[in-house]
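Residues per chain, in single letters:
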Amino acid sequence: MTKDISNGDQRRIRVVVAKPGLDGHDRGAKVIARALRDAVMERHASLSGCICVLLGWDDERRDLVGRLGALGVPALVLVIGDGAGAPEQETDGAAAVHWLQVGRIAEGLQRL
């Protein structure tokens, strides 16, 4: 379901997509996340910036961040993971990509 709230209201829209448990039944969260990605891409001209919190860093996520950069949308990207082999920070086009280690997220955010 898509709801357009472009009625002149200047409130910021914040969205969290979460799924409890690690049982692998995450199809619904993925469908919602893809719909949100598509909505952002369609309305990029009205965005002043984007904060992405990602649970992993793969080709699909790297492509999303690259597309935002190509559209001129500045992005702050926070990747949450186990930190194995991940640099503390990297740049991917116009986005600053920060890695936050599971169990040490608050500490990582303080370094930003």
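We now turn to the structure provided with this report. Everything numeric here is computed off the predicted structure, so don't read it as measured data. (Residues numbered from 1 in each chain as written. Predicted model: local features only at pLDDT ≥ 70, side-chain atom pairs only at ≥ 80, totals over all residues. Heavy atoms only, no water.)

Turning our attention to the nonpolar core. Counting residues in each nonpolar core, the largest one holds 15 residues, and the members touching the most others are Trp 57, Leu 68 and Val 77. Looking at this core, the elements that each hand over two or more residues are β1 (50–54), α2 (59–70), β2 (75–81) and β4 (95–101). (Core = buried A, V, L, I, M, F, W, Y, C linked by side-chain atoms within 4.5 Å. Buried < 20%, exposed > 50% of the residue type's maximum accessible area, 1.4 Å probe, protein only. Helix = DSSP H or I, 4+ residues; strand = E, 2+ residues; numbered from the N terminus.)

Consecutive side chains of a regular strand alternate in pointing toward one face of the sheet and then the other. Residues Cys 50, Cys 52 and Leu 54 of β1 are buried on one face, while the alternating residues Ile 51 and Val 53, pointing to the opposite face, are not. When β1 meets β2, the two strands line up parallel, connected through five bridges. Of the residues in β2, the one forming a bridge with Val 53 is Leu 78. For the crossover from β1 across α2 to β2, the handedness is right-handed. (Pairing = 2+ DSSP bridges. Right-handed = clockwise from strand over helix to strand, strands pointing away.)

With 12 residues, α2 should reach 16 Å at 1.5 Å per residue; the first-to-last C-alpha distance of 16 Å fits that figure. Restricting attention to buried positions, one finds in α2 the residues Leu 64, Val 65 and Leu 68. On an axial view of α2, the arc spanned by its buried residues comes to 90°, and they lie on one face. Turned more than 90 degrees off the buried face of α2, the exposed positions are Asp 59 and Ala 70. The opening residue of α2 is Asp 58, an N-cap whose side-chain oxygen sits 3.3 Å from the backbone nitrogen of Glu 60. Positive phi appears at Gly 72, one or two residues downstream of α2, with a value of about 85°. (Expected span 1.5 Å × (residues − 1). Arc of directions from axis to C-beta. Polar contact = N/O pair within 3.5 Å; in protein donor to acceptor, adjacent residues only side chain to side chain.)

The next subject is the pattern of salt bridges. Using the criterion set out here, one finds eight salt bridges in the structure. Note that Asp 58 is salt-bridged to Arg 61, the shortest N-O span being 2.7 Å. For Asp 58, a relative accessible area of 33% gives the class partly exposed. A residue is classified by how much of its surface remains accessible, and Arg 61, at 28% relative accessible area, is partly exposed. Salt-bridge contacts for Asp 63 lead to Arg 67; the nearest nitrogen and oxygen are separated by 3.7 Å. (Salt bridge = Lys/Arg side-chain N within 4 Å of Asp/Glu carboxyl O.)

A few words now on a nonpolar patch on the surface. Among the surface-exposed residues, Val 17, Ile 32 and Leu 36 lie close enough to one another that they form a single nonpolar patch of about 220 Å² accessible area. The exposure class of Leu 36 is partly exposed, given its relative accessible area of 32%. (Patch = residues over 30% accessible without salt bridge, like charges linked within 9 Å, V, L, I, M, F, W, Y side chains within 5 Å. Areas by Shrake-Rupley, 256 points an atom, 1.4 Å probe, with all protein chains shown as cover.)

The next thing to look at is the state of the cysteines. Scanning the entire structure with this criterion turns up zero disulfides. No disulfide involves Cys 50; its sulfur sits 3.7 Å from the nearest other cysteine sulfur, which is in Cys 52. (Disulfide = S-S within 2.5 Å.)

With that out of the way, let us pick up the packing of helix α1 (residues 27–42) against α2. Remark: α1 packs on α2, axes separated minimally by 11 Å, with the N-to-C direction vectors making an angle of 15°. As summarised for this structure, α1 and α2 are arranged roughly parallel, according to the angle between their axes. With respect to the hand of their crossing, α1 and α2 are arranged in left-handed fashion. Mapping the contact onto sequence places Arg 34, Arg 37, Val 40 and Met 41 in α1 and Glu 60, Leu 64, Arg 67 and Leu 68 in α2. The residue inventory of the contact of α1 with α2, partitioned by class, reads four nonpolar, no polar and four charged. (Axes fitted to C-alpha atoms, helices over the stretch in contact; angles between N-to-C directions. Parallel < 35°, antiparallel > 145°, perpendicular 65-115°, else oblique. Left-handed = near helix turned anticlockwise from the far one by under 90°. Contact = heavy atoms within 4.5 Å. Nonpolar A, V, L, I, M, F, W, Y, C, P; charged D, E, K, R; others polar.)

That's the geometry; what it means functionally is another story.
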